[in-house]
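# Per-entry structural report
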Amino acid sequence: MPRPVPRTDVLLNLFGTPHQTDLVTSALRLASALLRRGARVQIWTCGDATRLTGAALGDTKPRDYTDLGREHPSTARVVRELIEDHPDRLYWYVCRFCAEERGAADQIPQVRTRAPFVFAEHVNAADKSLLMGVC
């Protein structure tokens, strides 16, 4: 039985390819700012954005050979830590069909995979909805 969608102040919808623009950075900064103000936020990823929280990403990005001493967190780690810091106010969802189509069905445990036909429930559970990116 699927879990009910919690009421939130804002739903951020991340669609499209996440690394061609500042989409991911903008979405994470916006979510962080909203959470700092006490808002309840849900994020729904669709399309290639479902890869942001793939378990295969691990905790760090591949090393930059020009600066081997420096380590950068993966998006999966950033999202995981953000959810752990705000467990009752941040909910991250991944479109199951999009993730499976892209070989990203294995997600970090902190995110929930949902069928696309329940997307309307997420929109209805949010006071405001913002679409970021294109399909």
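Going by the structure above, here's the rest.
Residues numbered from 1 in each chain as written. Predicted model: local features only at pLDDT ≥ 70, side-chain atom pairs only at ≥ 80, totals over all residues. Heavy atoms only, no water.

### Some words on the nonpolar core
- If you look at the biggest cluster of nonpolar residues, it comprises 27 residues, and the most contacted ones within it are L14, V41, I43 and W92.
- Secondary-structure elements contributing two or more residues to this core are β1 (8-14), α1 (23-36), β2 (41-45), α2 (75-85) and β3 (90-95).
- Ranked by residues supplied to this core, first place goes to α1 with seven residues.
- With residues near it in sequence (within four places) discarded, L14 still touches L23, A27, I43, W44, T45, C46, A49, L52, W92 and M132.
- With ten residues, the next largest nonpolar core counts Y91, C98, V118 and A126 among its residues. (Core = buried A, V, L, I, M, F, W, Y, C linked by side-chain atoms within 4.5 Å. Buried < 20%, exposed > 50% of the residue type's maximum accessible area, 1.4 Å probe, protein only. Helix = DSSP H or I, 4+ residues; strand = E, 2+ residues; numbered from the N terminus. Contact = heavy atoms within 4.5 Å.)

### Thoughts on the state of the cysteines
- For the coordinates displayed, the defined rule picks out zero disulfides.
- Cysteine C95 shares no disulfide, and the gap to the nearest cysteine sulfur, in C98, comes to 3.6 Å.
- Unpaired in this structure, C98 has its nearest cysteine sulfur neighbour in C46, at a distance of 3.3 Å.
- Here C98 falls in the buried class, since its relative accessible area comes to 13%. (Disulfide = S-S within 2.5 Å.)

### Considerations on the pattern of salt bridges
- By the definition in use, this model includes nine salt bridges.
- R77 serves as the salt-bridge partner of E71, at 3.9 Å between the closest nitrogen and oxygen.
- For E71, a relative accessible area of 46% corresponds to the partly exposed category.
- Put simply, E84 and R80 hold a salt bridge, and the shortest N to O gap is 3.8 Å. Of this pair, E84 and R80 both sit in helix α2, four residues apart, which is roughly one turn of that helix.
- Sharing partners across several salt bridges, the network here consists of D48, E101 and R102. (Salt bridge = Lys/Arg side-chain N within 4 Å of Asp/Glu carboxyl O.)

### With respect to the sheet that holds β3
- The strand order β4-β3-β2-β1-β5 describes an open sheet built from five strands, whose pairing is parallel. Sheet topology places β4 (112-114) and β5 (126-132) at the edges, where each strand pairs with a single neighbour. Within the sheet, the average angular offset between the axes of one strand and its neighbour, ignoring direction, is 25°.
- When β1 meets β2, the two strands line up parallel, connected through five bridges. Bridge assignment links L14 to a residue of β2, and that residue is T45.
- Lying over the sheet, α1 contacts β1, β2, β3 and β5, oriented at roughly 175° with respect to β1. (Pairing = 2+ DSSP bridges. Axes fitted to C-alpha atoms, helices over the stretch in contact; angles between N-to-C directions.)

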